[in-house]
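# Understanding the architecture of this molecule
The chain contents come next:
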Amino acid sequence: MTPPTSPPKRARPAPRQATAADEVAALYARAARHLAALDADWAGHVAAIGPCRHASRPARDPYEALVRAIAYQQLHARAGDAILGRLLALYPGQAFPAPRALLDTDPQVQRACGFSASKLATIRGIAQAALDGLIPARDEALAMSDEALVERLVTLRGVGRWTVEMLLIYTLERMDILPVDDFGVREGYRRLKRLDKAPSPAQMRAIGEAFSPYRTIAAWYLWRMPATPSPAAP
């Protein structure tokens, strides 16, 4: 009599290799734990918002990132989408207009997209600076420190520190940037701490030392602080 055969052993599946997305998620989780450990206010806010879903745009080069930042400056997202969409429609077949293409376009045609004269002058100045080599290519920018990039780019007309910080946060994926001039950051902190008055930029900078090395993620959470009634006057 032939003995029964044992079922073939199943090979163990190979362990899943960690992906770049896994590494980013782990980084965001560490940042959230760091912030939640600061105090009960932060712990409650991080728990209420949940995992950080900060979305960077690393494929963009600094020139494109700066033009986009200026286009959206001081506008609601929908208005910025509309104006930028009309600009991009002037360049069919291009994902984004090259500096020379932008400069070769009649400024009045670009103004008709909805840009103010000041914004358009800044955007065209950025395009010229890209051609002149003042705006670094992505690889060069990645090798530069935060402050070196700020010092270099704020020399451009209409480009302030906030604009460069948006480049650092969203394009270069720097994790320790707190844009203290941003109203949403300071107002978010006021709401988090139930203060009568939002901290000044200088005060916010000092407060933000406790968020390091995850100040970018702190900004993300502060931008999502829900509106709450201001404390009643005594």
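Residues numbered from 1 in each chain as written. Predicted model: local features only at pLDDT ≥ 70, side-chain atom pairs only at ≥ 80, totals over all residues. Heavy atoms only, no water.

## Brief notes about the packing of helix α3 (residues 62-72) against helix α7 (residues 117-132)
In the contact formed by α3 and α7, the axes pass within 10 Å of each other and the chain directions differ by 175°. With respect to each other, α3 and α7 are oriented roughly antiparallel. On α7, the residues touching Tyr63, Leu66, Val67, Ile70, Ala71 and Tyr72 of α3 are Lys119, Thr122, Ile123, Ile126, Ala127 and Ala130. For the contact of α3 with α7, a count of residues per class yields 10 nonpolar, 1 polar and 1 charged. (Axes fitted to C-alpha atoms, helices over the stretch in contact; angles between N-to-C directions. Helix = DSSP H or I, 4+ residues; strand = E, 2+ residues; numbered from the N terminus. Parallel < 35°, antiparallel > 145°, perpendicular 65-115°, else oblique. Contact = heavy atoms within 4.5 Å. Nonpolar A, V, L, I, M, F, W, Y, C, P; charged D, E, K, R; others polar.)

## Details of the packing of aromatic side chains
In total, this model carries 3 aromatic pairs according to the counting rule given. Ring centres of tryptophan 42 and phenylalanine 211 lie 5.2 Å apart, and the angle between their planes is 70°; on these two criteria the pair is classed as edge-to-face. Here tryptophan 42 is found in helix α2 (residues 40-49), whereas its partner phenylalanine 211 is found in the loop between α12 (201-208) and α13 (215-222), with 169 residues between them in sequence. Looking at phenylalanine 211, the relative accessible area reads 2%, which means it is buried. Plain terms: the ring middles of tyrosine 63 and phenylalanine 96 are 5.9 Å apart, the flat faces sit at 75° to each other, and that makes the pair edge-to-face. You can see tyrosine 63 sitting in helix α3 and its partner phenylalanine 96 sitting in the loop between α4 (77-89) and α5 (99-103), a full 33 residues away along the chain. A relative accessible area of 6% places tyrosine 63 in the buried class. (Phe/Tyr/Trp six-rings, centres within 6.5 Å; stacked < 30°, edge-to-face > 60°. Buried < 20%, exposed > 50% of the residue type's maximum accessible area, 1.4 Å probe, protein only.)

## Quick look at unusual backbone geometry
Put simply, serine 212 and proline 213 share a cis peptide bond, and its omega is 10°. Relative to the helices and strands, proline 213 resides in the loop between α12 and α13. A positive phi angle is found at glutamine 74, which is not glycine, with a value near 60°. As for its placement among the helices and strands, glutamine 74 is situated in the loop between α3 and α4.

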